[in-house]
Amino acid sequence: MNIPANLKYTKDHEWVLIEGDIATVGITDFAQKELGDIVYVEVETLDQTLDKDEVFGTVEAVKTVSDLFLPLAGEIVEFNDSLESEPEKVNTDPYGEGWMVKVKIENDSEIEELLSSDDYKALIGA
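None of the values given here were measured: they were computed from a predicted structure. (Residues numbered from 1 in each chain as written. Predicted model: local features only at pLDDT ≥ 70, side-chain atom pairs only at ≥ 80, totals over all residues. Heavy atoms only, no water.)

### Thoughts on the sheet that holds strand β4 (residues 38–42)
And then number 1: One open sheet holds the 3 strands; their spatial order is β4-β6-β7, and the pairing between them is antiparallel. Only two strands of the sheet have a single partner each, and these edge strands are β4 and β7 (65–69). Between one strand axis and the next, the sheet turns by 25 degrees as a mean value, whatever way the strands run.
And then number 2: Both β4 and strand β6 (residues 55–61) contribute to a ladder of 4 bridges, which runs antiparallel. By the bridge assignment, Val-41 is partnered in β6 with Val-59. (Pairing = 2+ DSSP bridges. Helix = DSSP H or I, 4+ residues; strand = E, 2+ residues; numbered from the N terminus. Axes fitted to C-alpha atoms, helices over the stretch in contact; angles between N-to-C directions.)

Given below as C-alpha cells:
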C-alpha cells in the first residue's frame, strides 16, 4: 500500500499536500481500494469557502457513494477537471493525476491536526 511520507492524512482517508498557502487534496490509496472502481467525482463547491470537515464533494464507485470531507478550512480554488471525463485516475494515480481539489488555507494551525504517514499507517493497520 502506497502512503507517501511527504503528505498529511485525515481519519476520513483524504491526503493533503501543503505547498505554501495551498493544499492539494485527494483520497488515499487505501480509500480508493476500499471503494473499488471510481465512476464519478462531483465537486460543486468551487470558489466557496468551507470549514474544516465540511463536505466538499462526493466520489461515486460502482457500489457506493462517499462524501469527501475538507481536511482544512479554506476556499476551494481549483477542481481537477480531468476527473469529469476520467474519474478512474483516482484509482490509477490517487496521489498524482487523481488529486481532487486545491484549497487556499485559511488557518495554518489546522495543519498540525492532520496525521503523519506513520499515524495514518497505524490508523489503517498497514
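### Comments concerning the pairing of β7
And then number 1: Note: β6 against β7, 5 bridges, orientation antiparallel. Directly across from Val-55, in β7, lies its bridge partner Phe-69.
And then number 2: Between the antiparallel neighbours β6 and β7 lie 3 residues.

### Observations concerning the pattern of salt bridges
And then number 1: Taken as a whole and assessed by the stated rule, the structure comprises 7 salt bridges.
And then number 2: With a closest N to O distance of 3.6 Å, Asp-12 and Lys-11 form a salt bridge.
And then number 3: Since its relative accessible area comes to 56%, Lys-11 is described here as exposed.
And then number 4: Among the ionic contacts, a cluster of salt bridges with common partners joins Lys-52, Asp-53 and Glu-113. (Salt bridge = Lys/Arg side-chain N within 4 Å of Asp/Glu carboxyl O. Buried < 20%, exposed > 50% of the residue type's maximum accessible area, 1.4 Å probe, protein only.)

### As for the packing of aromatic side chains
And then number 1: Throughout the structure, instances matching the rule amount to 2 aromatic pairs.
And then number 2: Consider the rings of Tyr-9 and Tyr-120, whose centres lie 4.9 Å apart with planes at 15 degrees: the pair is stacked. With Tyr-9 in strand β1 (residues 8–9) and Tyr-120 in helix α4 (residues 117–124), the pair connects residues that are 111 residues apart, well separated along the chain.
And then number 3: Looking at Tyr-9, the relative accessible area reads 0%, which means it is buried.
And then number 4: When its relative accessible area of 0% is taken as the criterion, Tyr-120 is described as buried. (Phe/Tyr/Trp six-rings, centres within 6.5 Å; stacked < 30°, edge-to-face > 60°.)

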